[in-house]
Amino acid sequence: MEATKIHSLAEFLHQAELDKREVTRITAENPELTVEDAYKIQDEIIKIKLEAGDSIFGPKMGLTSEAKMTQMNVTEPIFGYVFNYMKVQNGGSISVSQLIHPKVEAELAFVLKKDLEGENLSVEDVLDATEYIFPALEIIDSRYENFKFTLPDVIADNTSASRVVLGDSLRKPEDFQSDLVGATIFINGEAKAFGTSCAILGHPALSISMLAAMLSRKGKSLKAGEIILAGSLTEAVRFNAGDYISVKFDGMNDVSFHVVE
Amino acid sequence: MTVQSSKKTEEFALLLRNAEQKREGISPLSADNPDLTIDEAYQIQLINIQDKLNQGQVITGKKIGLTSKAMQDLLGVNQPDYGHLLNGMEYENNSVIPANILCQPKIEAEIAFKLKKDLTGPNITSLDVLLATEYIVPAFEIVDSRVQDWKITIEDTVADNASSGLYVLGEQKFAVSEVDLAQLGMGLYKNGKLVNTGVGAAALGHPANCVAWLATKLAEYDIPLKAEEIILSGALSAAVAVNPGDQFTARFAGLGEVSVSFS
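Residues numbered from 1 in each chain as written. Chains lettered and ligands numbered in written order. Predicted model: local features only at pLDDT ≥ 70, side-chain atom pairs only at ≥ 80, totals over all residues. Heavy atoms only, no water.

Per an unreviewed UniProt entry, chain B is named 2-oxopent-4-enoate hydratase, and its organism is Neobacillus vireti LMG 21834.

For chain A, the name recorded in an unreviewed UniProt entry is 4-oxalocrotonate decarboxylase, with Neobacillus vireti LMG 21834 as its organism.

**Side note on the interface of chain B and chain A**
Counting residues at the interface gives 17 residues for chain B, matched by 17 residues for chain A. On the chain B side of the contact with chain A, Leu-127, Leu-131 and Ser-177 of chain B bury the most area, a combined 38% of that side's loss. Between chain B and chain A we count 2 salt bridges in total. Across the salt bridge formed by Glu-131 of chain A and Lys-116 of chain B, the nearest N and O atoms sit 4.0 Å from each other. Applying the counting criterion to the chain B and chain A interface returns 6 residue pairs in polar contact (both at pLDDT 80 or more). Class assignment of the residues belonging to the side of chain B that touches chain A gives a composition of 7 nonpolar, 7 polar and 3 charged. (Contact = heavy atoms within 4.5 Å. Buried area = accessible area lost by both parts, 1.4 Å probe. Salt bridge = Lys/Arg side-chain N within 4 Å of Asp/Glu carboxyl O. Polar contact = N/O pair within 3.5 Å; in protein donor to acceptor, adjacent residues only side chain to side chain. Nonpolar A, V, L, I, M, F, W, Y, C, P; charged D, E, K, R; others polar.)

**Re the UniProt feature "domain: Fumarylacetoacetase-like C-terminal" (unreviewed entry) in chain B**
Those places that UniProt annotates as "domain: Fumarylacetoacetase-like C-terminal" (unreviewed entry) correspond, in this numbering, to residues 103–258 of chain B. Counting secondary structure, residues 103–258 of chain B comes out at 16% helix and 35% strand; the distance between its end C-alpha atoms is 23 Å. (UniProt positions renumbered as here; feature names shortened; annotations may be inferred. Helix = DSSP H or I, 4+ residues; strand = E, 2+ residues; numbered from the N terminus.)

**Brief notes about the UniProt feature "domain: Fumarylacetoacetase-like C-terminal" (unreviewed entry) in chain A**
Following the UniProt record, one finds the feature "domain: Fumarylacetoacetase-like C-terminal" (unreviewed entry) at residues 86–259 of chain A. For residues 86–259 of chain A, helix accounts for 15% and strand for 37%, while the C-alpha atoms at its two ends are 15 Å apart.

**Digging into helix α1 (residues 3–19) of chain A**
All names here are of chain A. For α1, with 17 residues, the first-to-last C-alpha span of 24 Å sits near the 24 Å given by 1.5 Å per residue. Considered for burial, the residues of α1 that qualify are Ile-6, Leu-9, Ala-10, Leu-13, His-14, Ala-16 and Glu-17. Considered in projection along α1, the buried side chains sweep an arc of 150° and stay on one side of the axis. Among the structural elements, α2 (35–51) and α5 (151–156) are those in contact with the buried residues of α1. In the stretch just after α1, Lys-20 is the one whose phi turns positive, near 50°. (Expected span 1.5 Å × (residues − 1). Buried < 20%, exposed > 50% of the residue type's maximum accessible area, 1.4 Å probe, protein only. Arc of directions from axis to C-beta.)

**Quick word on the sheet that holds strand β9 (residues 190–196) of chain A**
Residue and element names in this part refer to chain A. Ordered by their spatial adjacency, 5 strands build an open sheet running β4-β13-β12-β8-β9, and the pairing between neighbours is mixed. Looking at which strands have only one partner, the edges of the open sheet turn out to be β4 (93–95) and β9. This sheet shows a mean twist of 20° between the axes of neighbouring strands, independent of strand direction. Pairing geometry for β4 and strand β13 (residues 255–260), over 3 bridges, is parallel. By the bridge assignment, Ser-93 is partnered in β13 with His-258. (Pairing = 2+ DSSP bridges. Axes fitted to C-alpha atoms, helices over the stretch in contact; angles between N-to-C directions.)

**Considering unusual backbone geometry**
All names here are of chain B. Cis peptide bonds are those with omega within 30 degrees of zero, and the linkage from Gly-121 to Pro-122 qualifies with 0°. With respect to the helices and strands, the residue Pro-122 is situated in the loop between β5 (106–115) and α5 (126–131). Even without being glycine, Leu-66 reaches a positive phi, approximately 55°. Relative accessible area serves as the criterion here: at 10%, Leu-66 is assigned to the buried category.

**Some details on the packing of α1 of chain A against α2 of chain A**
All names here are of chain A. Relative orientation of the contacting elements α1 and α2 amounts to 60°, with a least axis distance of 8 Å. Taken together, α1 and α2 sit at an angle that is classed as oblique. Once α1 is placed against α2, the crossing between them reads as right-handed. Seen from α1, the contacting residues are Ile-6, His-7, Leu-9, Ala-10, Glu-11, Leu-13, His-14 and Glu-17; seen from α2, they are Lys-40, Ile-41, Glu-44, Ile-45, Ile-48 and Lys-49. (Parallel < 35°, antiparallel > 145°, perpendicular 65-115°, else oblique. Left-handed = near helix turned anticlockwise from the far one by under 90°.)

**Some thoughts on the environment of Thr-184 of chain A**
Residues and elements named next belong to chain A. In this fold, Thr-184 is placed in strand β8 (residues 182–187). It is 21 Å that separates the C-alpha atoms of Thr-184 and Lys-87, two residues lying 97 residues apart in sequence. Setting aside residues no more than four positions away along its own chain, Thr-184 makes contact with Ala-191, Ala-193, Phe-194, Ser-246, Val-247 and Lys-248.

**Some thoughts on the packing of aromatic side chains**
In this structure the tally under the stated criterion is 8 aromatic pairs over all chains. Between the aromatic rings of Phe-79 of chain A and Tyr-81 of chain A, the centroid separation amounts to 6.1 Å while the plane-to-plane angle is 85°, which identifies the pairing as edge-to-face. Just as Phe-79 of chain A is buried, Tyr-81 of chain A falls in that class too. Ring centres of Tyr-42 of chain B and Tyr-82 of chain B lie 4.8 Å apart, and the angle between their planes is 25°; this geometry places the pair in the stacked category. Of this pair, Tyr-42 of chain B sits in helix α3 (residues 38–54) while Tyr-82 of chain B is found in strand β2 (residues 81–86), placing the two residues 40 residues apart along the sequence. Tyr-82 of chain B gets classed as buried once you look at its relative accessible area, which sits at 6%. An aromatic cluster of three or more residues is present, and its members are Tyr-39, Phe-79 and Tyr-81 of chain A. The side chain of Lys-103 of chain A reaches across the aromatic face of Phe-147 of chain A, ending 4.2 Å from its centre. (Phe/Tyr/Trp six-rings, centres within 6.5 Å; stacked < 30°, edge-to-face > 60°. Lys NZ or Arg CZ within 6 Å of the ring centre and 35° of its normal.)

Structure, rendered in structure tokens:
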């Protein structure tokens, strides 16, 4: 796909986010769009945001559950980037009028203390390079109508990245079983979704390993200090203005937010 | 640090400076000047900090005040405030402090954060604070007011360096991953008797939230919280009056103790 086309599709999706408006998926008119093209569009959106003065918080992994991978017919997860403007304080609020049709997922995030590079990193390699693991809530908000997309669509749309509520419990990977963290999403006190961290590719550290592998094919690597959202423990749940969402993670502080108009 | 001063702010700064030197409280600046704004109050604070820097003192960090709902309600505000910490305010654990160097001191138990990275805004969250923290220690803040009988409004305390006095840091340092700062309990003992209890969540829900508030607030003025700075995050319980001869110890769950005496 030519560069001008990539740029115009990136502008289109970026504008949809700014306008808080759902748009027709880009593969409808561009059925030939490949995964490779899609990452180029994502790169272009990142460039547009950086030029606008936004800065990157860290990468995020998507399609990390067996169910989603089967549904999308893929064997590998996908990645996008969380920006600093997307951060929400634990206990803070999210305004639905700033978003399109947001959903919440319970996730674990990794903070690296060493660089990570290579195609076949083991769970031990990743944990050894990890300073902390902390809980987070990812708010995904596909810019596409009815949250319906193909694989290239969602990659181009920066993997639906929208907001992230950051938990304030930092755990050392050696202090707990990071693949057996249970989580429950409560909306207004009612349990709506459950999951365990091994839902992320069998072990959340493998998600980091897969990201390192995908980046390594692009000639990139993960650096010490980097913060990575490893993927969701639960299904994604819709929420509405007036809701109070609180998520319990085994052995960690709750992560919560209020939803306002 | 840029100080924009006017005749009024210079005058008020001098009044507070003299009050501190003479250890005699003045009548509240806001009483005679109800139009004094919070921005002007911060200018007054900065004038006096600059004066201390000119005399050779060094900024060691910042303190956050009015972090509890009770204190905010008392002063009729809905946000915290902050002041500057200077090297002359720091005392070691177990120090004996002559009470007559202060006007009308009170003591508060707090969590102190030592930063290892600059915290540059905007949109700083408590997670950013925790990741930028080298270690935490239990601390005492000895607050003091240069305003008679602590009859302060928000403007009075801000002008008066957020009623800062002295601070004492515990000796044992802890990683932020070692304790649950929101849930940790604290007991404050005066002369061996329990006089107050508190919990981390009393400081805006989590002590790191207070630091995140300050970093985000200062980002409006392009001022980062700097690596190496000590940040006193806010009282975990109400302040207790200090009298000569008093000995105080605060015990923090999982973080040991900090102690100080007054002569």
